[in-house]
Amino acid sequence: MTGWNATHIPDQSGRTAVVTGANSGIGYVTARELARHGAAVTLACRSAARGRAAVIRLRGEVPGAEVEFAPLDLADLSSVREFARAFGQRSPRLDLLVNNAGVMALPYGRTADGFETQFGVNHLGHFALTGLLLPRLRAAGPGARIVNVSSGFHVLGDVRPEDLDPDPARGADGYRRWIAYGRSKSANLLFTHELARRFTAAGATITAAAAHPGYASTNLHAGASAQEGRTLTSRLLALGNGVLAQPAAKGALPTLYAATAPGVGQDAFFGPRLGWRGAPVPSWRAGRTLDDAAGERLWAASEKLTGVSYASLPR
């Protein structure tokens with residue numbers, strides 16, 4: 001893996017991919033490089049304007065790219081269901097699902113379905129999407145993959161299936177934005193672990209893996225401060241991005257490796273060599289994200305909350 005970069009991506013011709021949150025940052029680079037190597041890519045984005053603009057930009061950078069925009073709001077399960085329904089009508093198979101979209105350290109809020117926003121978008125939305133697209137992934141046959149994009153900040157929060165909706169009214173035991181973010185990112189890894197375990201038990205030929213970008217220069221860091229009108233914080237974050245962060249093109253490499261490199265195993269987790277920047281390598285992860293019992297509890301809670309059942313993947 002030493003020095004692995006986008007030029008090492010194998011030919012993706014004939015493969016179909018969905019990348020969530022693909023209008024900018026890590027998601028855009030992921031979609032662009034998959035398309036550059038021959039994949040037909042759907043950019044699944046919440047904003048129609050930004051999604052369509054990203055398609056135009058991508059086609060300009062990769063002439064002849066087979067890409068399209070499709071609306072997807074992970075904060076609204078009705079939108080997730082509609083995306084899966086429409087995709088199923090357009091395509092009989094899906095070779096690669098990259099669950100990349102996310103929000104970070106937002107002030108307390110709720111999704112359209114009443115879930116705490118970070119957990120609802122970062123985990124539950126993707127859990128539902130994956131389950132609804134599973135028949136198309138199975139139809140792709142050997143080689144299909146699911147890549148969940150987590151974060152090194154997963155260490156900040158443990159997943160407690162019995163308490164997935166922190167309430168700021170509870171004071172110190174209520175909502176803390178960075179803990180909530182870490183919890184959602186731990187959920188991404190625990191979901192990957194349980195998904196991989198169930199694929200193995202069912203003899204499925206789909207690989208579930210995960211990745212994190214390290215510290216990459218994207219719009220994700222400024223989302224909360226911009227939402228709250230904290231101009232100085234936004235400027236400081238922009239400065240930090242410019243000085244310390246690696247560009248999005250580098251931050252996307254762990255995701256691209258997990259999505260395309262030969263020999264990626266079940267439940268593999270990749271990140272930058274130095275933890276925050278560098279070429280992709282296998283990454284350390286908190287032991288709690290490898291706990292079978294915790295994975296089963298999170299899975300059961302997620303099925304109950306979203307109403308999406310993975311009937312073909314029993315425990």
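Here the structure is a predicted model, which is why all the values come from computation and not from measurement.

To find leftover empty space, one rolls a probe the size of a water molecule over the atoms. Under the criterion given, the structure shown has 2 cavities of 30 Å³ or more. Within this model, the second largest cavity holds a volume of roughly 50 Å³. In this structure, the second largest cavity is lined by Asn99, Ala101, Asn122, His123, His126, Asn148, Val149, Lys185, Asn188 and Phe191. Those elements giving two or more residues to the lining of the second largest cavity turn out to be α4 (117-139), β5 (145-149) and α5 (177-202). Taken together, the residues of the lining of the second largest cavity sort by class into 3 nonpolar, 6 polar and 1 charged.

Considering the arrangement of structural elements, one finds glycine 51 in helix α2 (residues 48-61). Take glycine 51: its relative accessible area is 0%, and that puts it in the buried class. Sequence separation of glycine 51 and alanine 22 is 29 residues, and the distance between their C-alpha atoms is 7.4 Å. Glycine 51 has contacts with Asn23, Cys45 and Phe69, leaving out every residue within four places of it along the chain.

Before going further, it helps to examine the packing of aromatic side chains. Applying the stated rule across the entire model yields 12 aromatic pairs. Measuring from centroid to centroid gives 5.1 Å for tryptophan 4 and tyrosine 257, while their planes differ by 80 degrees, and the two rings are edge-to-face. Taken together, the positions of tryptophan 4 in the segment before β1 (16-20) and tyrosine 257 in helix α9 (residues 253-260) put the pair 253 residues apart, joining distant regions of the chain. Here the two residues tryptophan 4 and tyrosine 257 agree in accessibility, since each one is buried. Ring-pair connections join several aromatic residues into one group, and the members of that group are Phe127, Phe191, Trp299 and Tyr310.

Here helix α3 (residues 77-90) spans 20 Å end to end across 14 residues, near enough to the 20 Å set by a 1.5 Å rise per residue. When we look at burial in α3, the residues that qualify are Leu77, Ser79, Val80, Phe83, Ala84, Ala86, Phe87 and Gly88. Of the surrounding secondary structure, the elements contacted by the buried residues of α3 are β1, β2 (40-45), β3 (67-71), α4 and α10 (292-306).

A few words on the pattern of salt bridges. Scanning the entire structure with this criterion turns up 12 salt bridges. A salt bridge links arginine 288 to aspartate 158, with the nearest nitrogen and oxygen atoms 3.5 Å apart. In this pair, arginine 288 sits in the loop between β10 (280-282) and α10 while aspartate 158 sits in the loop between β5 and α5, placing the two residues 130 residues apart along the sequence.

Let us now look at the pairing of β5. Counting buried residues along β5, 5 of its 5 residues qualify, which places the element largely inside the surrounding structure. Residues of β5 alternate between two faces, with Arg145, Val147 and Val149 on one and Ile146 and Asn148 on the opposite face, all of them buried. In this fold, the crossover linking strand β4 (residues 96-99) to β5 by way of α4 has right-handed handedness. As judged from the 5 bridges shared by β5 and strand β6 (residues 207-211), these two strands associate in the parallel manner. Bridging across to β6, arginine 145 finds its partner in threonine 207.

On the surface, Phe153, Val155, Leu156, Trp178 and Trp284 cluster together into a nonpolar patch covering about 520 Å² of accessible area. Residue placement: tryptophan 284 occurs in the loop between β10 and α10. Look at tryptophan 284 and you get exposed, because its relative accessible area is 60%.

Another point: the sheet that holds β10. Taken in spatial order, the 8 strands line up as β3-β2-β1-β4-β5-β6-β9-β10 in an open sheet, and their pairing is mixed. For this open sheet the edge positions go to β3 and β10, each flanked by a neighbour on one side alone. Direction aside, neighbouring strands of the sheet carry axes that sit 20 degrees apart on average. Contacting β1, β2 and β3, α3 crosses the sheet at an angle of about 145 degrees to β3.

Before going further, it helps to spend a moment on the confidence of the model for the protein. Any segment with low pLDDT has predicted coordinates that should not be analysed in fine detail. With 88% of its residues at a pLDDT of 70 or more, the protein shows a mean pLDDT of 91. Long-range and interchain partners of residues 232-236, a stretch whose pLDDT sits below 50, account for 3 contacts in this model, where long-range means more than four residues apart.

About the criteria used
What you see as residue numbers is a count from 1 along each chain, following the sequence as written. Totals for whole chains, interfaces and linings use every residue, but because this is a predicted model, local features are given only for residues with pLDDT of at least 70 and side-chain atom pairs only at 80 or more, for both listing and counting. To obtain the side-chain values, all non-hydrogen atoms of the structure were used and water was disregarded. Cavities and pockets are defined on a 1 Å grid built over the protein atoms alone: a cavity is a set of grid points where a 1.4 Å probe fits but cannot escape, while a pocket is an open set with protein on both sides within 12 Å along at least five of seven lines, and lining residues are those with an atom within 4 Å of any such point. Grid points are joined across faces, edges and corners, and a volume is the space filled by probe spheres set on the points. Numbering goes from the N terminus for both helices and strands, where a helix is a DSSP run of H or I of at least four residues and a strand is a run of E of at least two. Note that Gly is not counted as nonpolar here; it falls among the polar residues with everything else outside the nonpolar set of Ala, Val, Leu, Ile, Met, Phe, Trp, Tyr, Cys and Pro and the charged set of Asp, Glu, Lys and Arg. Each residue is assigned to one of three classes by its accessible area relative to the maximum for its type, calculated with a 1.4 Å probe on protein chains only: buried under 20%, partly exposed between the two thresholds, exposed over 50%. In what follows, a contact means two residues having at least one pair of non-hydrogen atoms within 4.5 Å. Ring pairs are drawn from Phe, Tyr and Trp, using the six-membered ring of Trp, whenever the two centres fall within 6.5 Å, and their geometry is named by plane angle: stacked under 30 degrees, edge-to-face over 60, tilted for the rest. A helix is expected to reach a length of 1.5 Å times the quantity of its residues less one. For this analysis, a salt bridge means a side-chain nitrogen from Lys or Arg found within 4 Å of a carboxyl oxygen belonging to Asp or Glu. Handedness of a crossover is defined as follows: with both strands directed away from the viewer, a clockwise route from the first strand across the helix to the second makes it right-handed. Strand pairing is defined by DSSP finding a minimum of two bridges between the two strands. Each patch is assembled from residues with relative accessible area greater than 30% and no salt bridge, linking like charges that lie within 9 Å and nonpolar side chains (Val, Leu, Ile, Met, Phe, Trp, Tyr) that lie within 5 Å. Method for areas: the Shrake-Rupley scheme with a 1.4 Å probe, in which residue coverage is limited to the protein chains shown. Axis lines are fitted to C-alpha atoms, over the contacting stretch for helices. Their N-to-C directions set the angle, which ranges from 0 to 180 degrees. As a per-residue measure, pLDDT reflects the predictor's confidence and takes values from 0 up to 100.

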